[in-house]
Protein chains: 2
Amino acid sequence: MELETYLKKTADEVNSLLQDWYGDPKSPLSQAANHLLFAGGKRLRPALFKLAADSVTPGSSHRIMPAGLSLEVTHNFTLIHDDIMDKDEYRRGQKTVHTLWGEPVAILAGDVLYARAFSLICHAEAPGDAKVRAVSLLARTCEEICEGQQQDMSFEERNDVTRDEYLAMVTRKTGVLYGAAAAIGSLLAGGSDEQVDALYNYGCKIGAAFQIQDDLIDLLASPEKSGKDQASDIREGKQTLIAITARKKGIDLQPWRRSLTRDDIASLIALLRDKGVIDSVRRDAEEMIGSAISGLHVLTDTPEKKLLADLAWYFIKRDY
Amino acid sequence: MELETYLKKTADEVNSLLQDWYGDPKSPLSQAANHLLFAGGKRLRPALFKLAADSVTPGSSHRIMPAGLSLEVTHNFTLIHDDIMDKDEYRRGQKTVHTLWGEPVAILAGDVLYARAFSLICHAEAPGDAKVRAVSLLARTCEEICEGQQQDMSFEERNDVTRDEYLAMVTRKTGVLYGAAAAIGSLLAGGSDEQVDALYNYGCKIGAAFQIQDDLIDLLASPEKSGKDQASDIREGKQTLIAITARKKGIDLQPWRRSLTRDDIASLIALLRDKGVIDSVRRDAEEMIGSAISGLHVLTDTPEKKLLADLAWYFIKRDY
């Protein structure tokens, strides 16, 4: 099956399962908790979860799908809380939860999804000990995501973030939840420790590369294509890999931290291309993807292993 | 052993275990997450957890104590988030987390404790299936606490809250976590379903009664004794069982929703006593305690069962 077909099919399945689980909210708070969850999204974490499970035990994923939903629900909890912290008004084309219901309800809505994430893992059809390992890994992952978000916020006050600090931050903020999706899928499906570890590392790497690609899209994609402000990271002085690489190559981005016209942005992109910044960042992302895929040698050859490789490249080939 | 000696001993043990687990914070976020957790507190939930475990299997609690800490950590997570919502500046005599670190870090600090709560359960020495049941119950409990907090906030805009609505709210906001403490302690210790259910119901009831006692203390205790503003609930128009009972007896508390002198408060207390409001609310709390204790007939007679009965009365006999 083509990757895009697979992702479309999984997204439909996830949407339908979420509807079964939570489609009939019994309280105002439940409605607020559902808002973002039912506003779409690519459902990439459950897709990765399924591929990981089926790559170690073909046909196993349907028995453990509640745990696949858990990763999507976790992701949505973090988005609701992040949007409060970042004071973002829109997400997935809809008003954010705190914009609609106020901050207190939004904090609680995130907390409700957090609880559901752990509850869902318990509903997977798998041995108790495997589910305990999955709960433990999800808990560690959530703590790391919080640490990543805190680091990201603390970078806003600095202009000397190193490449290693940045990579550690994006691995926590974005990577580890993909790592957990792949690891939990494979461990609940009965994968060996070696397979689970390989899939965890694969997930962390493609997740970090996904974030780097996001930074490139922020700079390079027109607002018509991305639906977002172009070059907002530069304007806000964010410490992305682009900014860090530029600094290393002697380009000071501080003067660009202001309102930018289309022409300004075009000049800046030309400058960064000319100095090799864009190529260098792209190469970094590609190397992470290559390394992620080569770690999968411990898996036997299956259609799912092929799709995992396709998924990894998809993470950095998307242009919005 | 006397209850007070038991509680003191347990609090010391909990403080020492928390020190072992989290005493060496590795990040600024970890420090913020530790702040309230290390600021003291009565540690009543771990005490209840221990009594429940040892009442069904004598001597079992020390093997599963990480799960006992989980209840305390959960409680602290909810306090950090509640303090943000309620804009409270002080708690346990210390500045609140959001006052010291700002709201974004406080949201994350609560989220970190939330993750640790689930992680701790996984560290108990107990069969995998029992731990999965414990995780599932803790998740349901956290969702209910959020619902209770949301209901409590929604009551602020109403003056027609019924007795049943109030009792449902305090059972969720305060009761279910005591219920979970007792149920998780007994189920990880190998208690029967009947014992676990009885202890769950016991916990929910004494927790709700605890909250009613809190409302009485708010009205009756002098600031010198309680360390808090006296009659703040009346001033803020809170829908407590006192306010609801007063309304049923034809007393309108709306005119008292203003700055109150000591004499005002004394007159109001005299009025409420005279009309039997205070006695009625006290009786409600006592009946809940009586009902909680009588549900424990499924336990064999042990020193722990005796302490559970003492603990129930302690919950409504404390006067600050």
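Residues numbered from 1 in each chain as written. Chains lettered and ligands numbered in written order. Predicted model: local features only at pLDDT ≥ 70, side-chain atom pairs only at ≥ 80, totals over all residues. Heavy atoms only, no water.

Colleague: Would you take a moment to explain the packing of helix α9 (residues 193–220) of chain A against helix α14 (residues 277–294) of chain A for this structure?
Modeller: Angle between the axes and distance between the axes: these two values describe a pair of packed helices. Residue and element names in this part refer to chain A. Two elements in contact, α9 and α14, have axes separated by 8 Å at closest approach and are oriented at 160 degrees. In terms of orientation, α9 lies roughly antiparallel with respect to α14. In this structure, the crossing between α9 and α14 has a hand that is left-handed. Taking contact as the criterion, the partners of Y202, K205, I206, A208, A209, I212, L216, L219 and L220 in α9 are, on α14, I278, V281, R282, A285, M288, I289, S291, A292 and I293. Considering only residue class, the contact of α9 with α14 consists of 15 nonpolar, one polar and two charged. (Axes fitted to C-alpha atoms, helices over the stretch in contact; angles between N-to-C directions. Helix = DSSP H or I, 4+ residues; strand = E, 2+ residues; numbered from the N terminus. Parallel < 35°, antiparallel > 145°, perpendicular 65-115°, else oblique. Left-handed = near helix turned anticlockwise from the far one by under 90°. Contact = heavy atoms within 4.5 Å. Nonpolar A, V, L, I, M, F, W, Y, C, P; charged D, E, K, R; others polar.)

Colleague: How should I be thinking about the interface of chain A and chain B in this particular structure?
Modeller: How big an interface is tends to be stated in terms of the accessible area lost upon association of its parts. Taken together, the contact pairs 34 residues of chain A with 34 residues of chain B. Interface area, chain A with chain B, both sides summed: about 3,000 Å², of which 74% is carbon and sulfur. Run the count over chain A and chain B and you get two salt bridges. Its salt-bridge partner being A:E143, residue B:R116 comes within 3.7 Å of it at the nearest N-O pair. Across the contact surface, chain A and chain B share eight residue pairs in polar contact (both at pLDDT 80 or more). (Buried area = accessible area lost by both parts, 1.4 Å probe. Salt bridge = Lys/Arg side-chain N within 4 Å of Asp/Glu carboxyl O. Polar contact = N/O pair within 3.5 Å; in protein donor to acceptor, adjacent residues only side chain to side chain.)

Colleague: In this structure, what is going on with the packing of aromatic side chains? I would like to understand it.
Modeller: The geometry of an aromatic ring pair is captured by the separation of the ring centres together with the interplanar angle, meaning the angle of the planes. All names here are of chain B. Using the criterion set out here, one finds 14 aromatic pairs over all chains in the structure. Geometrically, the ring pair formed by F77 and Y114 is stacked, given 4.0 Å between the ring centres and 20 degrees between the ring planes. Linking F77 in helix α4 (residues 65–86) with Y114 in helix α6 (residues 103–122), this pair joins segments that are 37 residues apart in sequence. No difference in accessibility class separates F77 from Y114, as the two residues are buried. With 5.0 Å between their ring centres and 65 degrees between their planes, F210 and F315 make a pair best called edge-to-face. In this pair, F210 is assigned in helix α9 (residues 193–220) and F315 in helix α15 (residues 303–317), connecting sequence segments 105 residues apart. (Phe/Tyr/Trp six-rings, centres within 6.5 Å; stacked < 30°, edge-to-face > 60°. Buried < 20%, exposed > 50% of the residue type's maximum accessible area, 1.4 Å probe, protein only.)

Colleague: Can you walk me through the relation of the copies chain A and chain B in this structure?
Modeller: One copy of the chain maps onto the other through a rotation about an axis followed by a shift along the same axis. With an RMSD of 0.1 Å, the fit of chain A onto chain B corresponds to turning through 180 degrees and sliding 0.0 Å along the axis. On the angle and the small slide along the axis, the relation comes out as a two-fold axis. By C-alpha distance to the rotation axis, the residue of chain A lying nearest is A:G128, at 2.3 Å. A share of 100% of the interface residues of chain A reappears at the interface of chain B, consistent with the copies meeting face to face through the same patch. (Least-squares fit on C-alpha atoms with pLDDT ≥ 70 in both.)

Colleague: Any chance you could explain the confidence of the model for chain A here in plain terms?
Modeller: Segments scoring low in pLDDT should not have their predicted coordinates read at a detailed level. Predicted confidence across chain A gives a mean pLDDT of 96, with 100% of residues reaching 70 or more. The ipTM, which scores confidence in the relative placement of chains, is 0.96 for this predicted complex, and the corresponding pTM is 0.96. (pLDDT = per-residue confidence, 0-100.)

Colleague: Before we go on, may I ask you to explain the packing of helix α4 (residues 65–86) of chain A against helix α7 (residues 128–155) of chain A in this structure?
Modeller: All names here are of chain A. Two elements in contact, α4 and α7, have axes separated by 12 Å at closest approach and are oriented at 25 degrees. In terms of orientation, α4 and α7 fall into the roughly parallel class. Viewed along their axes, α4 and α7 form a crossing whose handedness is right-handed. Within the contact between the two elements, α4 uses S70, L71, T74, F77, T78, D82, M85 and D86 and α7 uses L138, C142, I145, Q149 and M153.

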